[in-house]
Structure formats: C-alpha cells, structure tokens
Amino acid sequence: PRAGPTVLVTGGCGFIGSQFVRLLRRERPAWQVVNLDLMTYAAHLHNLEEVWAGQESRSDDSGAGDALPADGPLQRLDYGKAVSGADPGHVLVRGDVADAALVDRLFTTYRLRYVVHFAAESHVDRSILDPAPFVETNVRGTQVLLEAARRHGVERFVQVSTDEVYGDLEGLPAADEQAPLRPSSPYSASKAAGDLMALAYVRTYGLPAIVTRSSNNYGPHQFPEKLLPLMIWKALRKEPLPVYGDGLQVRDWLWVEDNCRAILAVLERGRPGEVYNIAAGNERSNLEVVGRVCDLVAERTGREPAAVRALVTHVQDRPGHDRRYAMTAAKVQRECGWAPRVSLEEGLARTVDWYLARSRWVERVVSGEWRRYWEAVYERG
Ligand code: NAD
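The structure displayed is predicted, hence computed values, not measured ones.

Caption draft 1: Local environment of the sheet that holds strand S12 (residues 283-285). Read across the sheet, three strands follow the order S8-S10-S12 without closing on themselves; strand pairing throughout is mixed. Looking along the sheet, the strands with just one partner apiece sit at the ends: strand S8 (216-218) and S12. Taken pair by pair, the neighbouring strands of this sheet meet at an average axis angle of 50 degrees, ignoring direction. Bridging between S8 and strand S10 (residues 250-255) involves three bridges; their strand directions are parallel. Considered in S10, the bridge of Tyr218 is made with Trp255.

This is how it looks when you write it as structure tokens:
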C-alpha cells in the first residue's frame, strides 16, 4: 500500500480532469489516484499519455502527439475493471458515476479519503440538442457519489462546477460566492442542481463537501469542439471560423492548469461547506480572443494576420446565449493562498503551439461521430 491518501478523481480522462491527474502525479507523488471515467466522446487516451505510458512530460512543440491514436484502447476497456499503465500511482476504471453499485465497490476497495468530482456532460450546445444525459450524469451521478461518500465517510468532497451557474451578468456586477444562481442552459441548470445537492449534503448529513466554480478554461488537451481548438484547426485549414452572433459575448479565460492548482489548494486548505470562485480576471469577448488566435496562427505559419482574420464568419447565435460571465475570486486567493500563474497572452500562445504540433491528430479526432454532431449544431436552421 502507498503511504499517501487515496483520491477518487471522476472524469479524469477529460480536459480538466486529466490535467488534474497529471498535476497530482507530479506534485503529490505519494497519493494514489483512482480515476473513474465513463469514456464518453470527450475522453481521450492522449489526455493521459504521460501517466499511462510512464513517459516524462513531452515538450509542447515536439510534434509527438501526431503519433497518438484518435480513439485509444481506453475506450474499449472492460466496464468496471481496474487497469493501470506504467504508473502504479494511477488506476483507471471505466464506469458511470451514476452506477451506485460500482461507486460503492470503489469506496470499499480503495478506502477513499478524498473525492474530486469532474465527471460531467460539459458542452452547452449538446445540452441544447438533448438535455437528458446532462440530468443523468450531472445531477443523478453527483447525488450517487455524494451518497457513497456519506455512507463510507470521506475527508473532503470537491464538487467541480462553473461560473455558468450564475447566469448572464451583462450589465451586472461580477458574481461573488453569494450571488444568486440563475442558470440559462440545460447544462448550467444541471450543474447548479449538482452544486445544490452537494451543499444539501453538507447541511443535512455533515458531509465535508466544497464547491469550486471556475471560469472558462482553455489550454492543451481540450476536445476540438470547443472554441479555441476549433478556431485553430479551421484557421490552419483556411476554412471559415464560425463565431456565434456578433462575437461580443464576454468570457473570463482561465489557464487550465491554474484552475487545477486552485482545485488542489481548495481540497487541501478550503473550508467544508464553502463555495470558492476561481477566475483570473481575463474578461475578453470571443471575437477578441479569436482575433488573437488568428494572429498567432498567422505568425507561426508565415501568413498575413489580416488574411487569417478575414476567415472569421458570423453564424446564427446559440439559443439563449449568455452575453457575459464574470466572477470575483478574492476568497480562494485569501483563504487558500492561490494565484494564477499564466497570463492570457502566454496561455494563448502555448495553446496554439500545442494544437499546431498535433494537427493531424486533431484531423482524425474530428472525423466520424463528432462530424455528424457538428453538422447538427452548426447547420441548424
Ligand atoms: P470534458 O467533457 O472534457 O470531460 C468530462 C469527462 O467526464 C470525460 O472524460 C467523460 O468521459 C467523463 N464522463 C462523462 N460522463 C460520465 C459519467 N456518467 N461517468 C463517468 N465519467 C463521465 O469536461 P471538462 O471541460 O474537463 O470539464 C470537467 C468539469 O469541469 C465539469 O464538471 C465541468 O462542468 C467543469 N467546468 C468546466 C469548465 C470548462 O471551461 N471546460 C469550466 C468550469 C467548470
């Protein structure tokens, strides 16, 4: 047995969860990580390449990612069976957080001390096409985990949530942790419900749960349906860059590893029953960020910035699209000693370089199932 605590990380093969697993393996090497992930379309083998293959973290510009498979063997893992790669500190179980029997078995087998709950249906556009899986995973799945944690006992349960639960803040002050919840989409409504269930378990059963609400994450390993990877890929192919509506929707951009460091700080130093907003004060419109990405792609590929920017095409806006998200994050800074490390400028450059080095891989990922989905969303109406 390992000396350190065992932590259940749900959704540890997704964009943010995999970054959190890598951070833990690097900075808390004595901890045992049990990663429960259903391996939906959003989970990818490459997300855990270092942990799985036991390699040192590759430099972002090595181009090595082009050798990665589009769909890895992880997607074909036996359901419910624990498997490990080269790193014995990380165990992966393909399974559903809403599967109470499986979750119960994990608590019994691993004597879990902490739970960090990332697993979710996470994409707003998908929630507009079909809200049902969002309720199943984000609401019922969260309740199943909370219930197991209550019955078995844990030292901390971190519910990972989003600024989207505060709703559209255009013309309003940035939300602190007391701001009302006014979710707009089926996605954000399901996340708000999960948050409230966690807080109800604190009050009713004394479960030491904490909620983190972070702003818009960006960085390497994000599935190519999300704004930045999509724009980089399209810009590279000289295809139109589809920007919703006028593109003036404001998001607060957060480097994904800064978010993970904040979540770890909350796990170790946060107070049970509290909510912590996590944001870095980078409010920008989508159009501004896409413009900056165009300039970076132009710079890296020797094209004219104006020519790349000219690819921006305004498409029909998302139904109910929120105009602005904004939060204050003084509490996590004060109570948990966290501060962001990577500026937006540096983070955008690193993100563009990461995807440029993996363009052929992106190409393969975005074929098939995903392409059909894409057509349903963007060719609607
Ligand atoms: P993601 O879609 O990249 O990853 C989600 C992961 O959860 C995938 O690996 C998927 O296979 C897994 N999963 C989905 N349903 C599951 C189920 N029923 N059981 C087990 N695993 C399941 O999402 P992400 O962007 O990494 O987001 C992670 C968390 O952070 C989510 O809870 C999301 O709401 C929250 N969040 C995301 C952002 C953002 O900008 N991406 C911002 C704030 C909060």
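From this point, things continue past the structure.
Caption draft 2: Molecular detail of the sheet that holds strand S7 (residues 209-214). Taking strand neighbours across the sheet as the criterion, the eight strands line up as S3-S4-S2-S1-S5-S6-S7-S11 in an open arrangement whose pairing is mixed. Of all strands in the sheet, those bounded by a partner on one side alone are strand S3 (82-83) and strand S11 (275-278). Of the pairings in the sheet, the one linking strand S1 (residues 6-10) to strand S2 (residues 32-37) comprises five bridges and is parallel in character. The residue bridging Leu8 from the neighbouring strand is Val34, located in S2.

Caption draft 3: Spatial organisation of the environment of Val160. Note that Val160 resides in strand S6 (residues 156-162). Separated by 138 residues in the primary sequence, Val160 and Ala298 place their C-alpha atoms 36 Å from one another.

Caption draft 4: View of helix H12 (residues 344-356). Taking 1.5 Å as the rise per residue, H12 with 13 residues should run 18 Å; its terminal C-alpha atoms sit 18 Å apart, in good agreement. Within H12, burial applies to Leu344, Gly347, Leu348, Thr351, Val352, Tyr355 and Leu356. With its buried residues spanning 165 degrees around the axis, H12 presents them on a single face. Those residues of H12 hidden inside the fold are in contact with S8, helix H7 (227-236), S10, helix H9 (286-301) and helix H13 (359-365).

Caption draft 5: Focus on the UniProt feature "domain: NAD(P)-binding" (unreviewed entry) in the protein. If you check UniProt for "domain: NAD(P)-binding" (unreviewed entry), the listed places come out as residues 88-350 in our numbering. Its end C-alpha atoms 30 Å apart, residues 88-350 is made of 44% helix and 17% strand.

Caption draft 6: Broad picture of the site of the ligand. The local shell around the ligand holds 32 residues, among which Gly11, Gly14, Ala42, Ala43 and Ala120 are the closest. Where the shell around the ligand is concerned, the elements lending two or more residues are helix H1 (15-27), S2, helix H5 (132-152), S6 and S8. For the shell around the ligand, the class distribution of residues is 15 nonpolar, 13 polar and four charged.

Caption draft 7: Expanded view of the environment of Ala349. Position of Ala349 among the secondary structure elements: in helix H12. What makes Ala349 partly exposed here is the crowd of 16 C-beta atoms within 10 Å. For Ala349 and Phe107, which are 242 residues apart along the polypeptide, the C-alpha to C-alpha distance reads 41 Å.

Caption draft 8: Molecular detail of the pairing of S7. Extensive coverage of S7 is indicated by the burial of six of its six residues. Here S7 shows a buried face lined by Ala209, Val211 and Arg213 and a second buried face lined by Ile210, Thr212 and Ser214. Bridge count for S6 against S7 is six bridges, and the pairing is parallel. Directly across from Val158, in S7, lies its bridge partner Ile210. Handedness of the crossover is the feature at issue here: the chain leaves S6, passes through helix H6 (residues 186-205), returns alongside S7, and the resulting connection is right-handed. Where S7 meets S11, four bridges bridge the pair, whose relative direction is parallel.

Caption draft 9: Quick look at the packing of H9 against H12. The contact between H9 and H12 brings their axes to 10 Å, and the two run at 55 degrees. Judged on the interaxial angle alone, H12 and H9 are oblique. Regarding H9 and H12, the two cross each other, and that crossing is right-handed. The residues of H12 that touch H9, namely those facing Arg292, Val293, Leu296, Val297 and Arg300, are Leu348, Ala349, Val352 and Leu356.

Thresholds applied
- Residues numbered from 1 in each chain as written.
- Predicted model: local features only at pLDDT ≥ 70, side-chain atom pairs only at ≥ 80, totals over all residues.
- Pairing = 2+ DSSP bridges.
- Helix = DSSP H or I, 4+ residues; strand = E, 2+ residues; numbered from the N terminus.
- Axes fitted to C-alpha atoms, helices over the stretch in contact; angles between N-to-C directions.
- Expected span 1.5 Å × (residues − 1).
- Buried ≥ 20, exposed ≤ 12 C-beta atoms within 10 Å, placed from the backbone.
- Arc of directions from axis to C-beta.
- Contact = placed C-beta atoms within 7 Å.
- UniProt positions renumbered as here; feature names shortened; annotations may be inferred.
- Near = placed C-beta within 6 Å.
- Nonpolar A, V, L, I, M, F, W, Y, C, P; charged D, E, K, R; others polar.
- Right-handed = clockwise from strand over helix to strand, strands pointing away.
- Parallel < 35°, antiparallel > 145°, perpendicular 65-115°, else oblique.
- Left-handed = near helix turned anticlockwise from the far one by under 90°.

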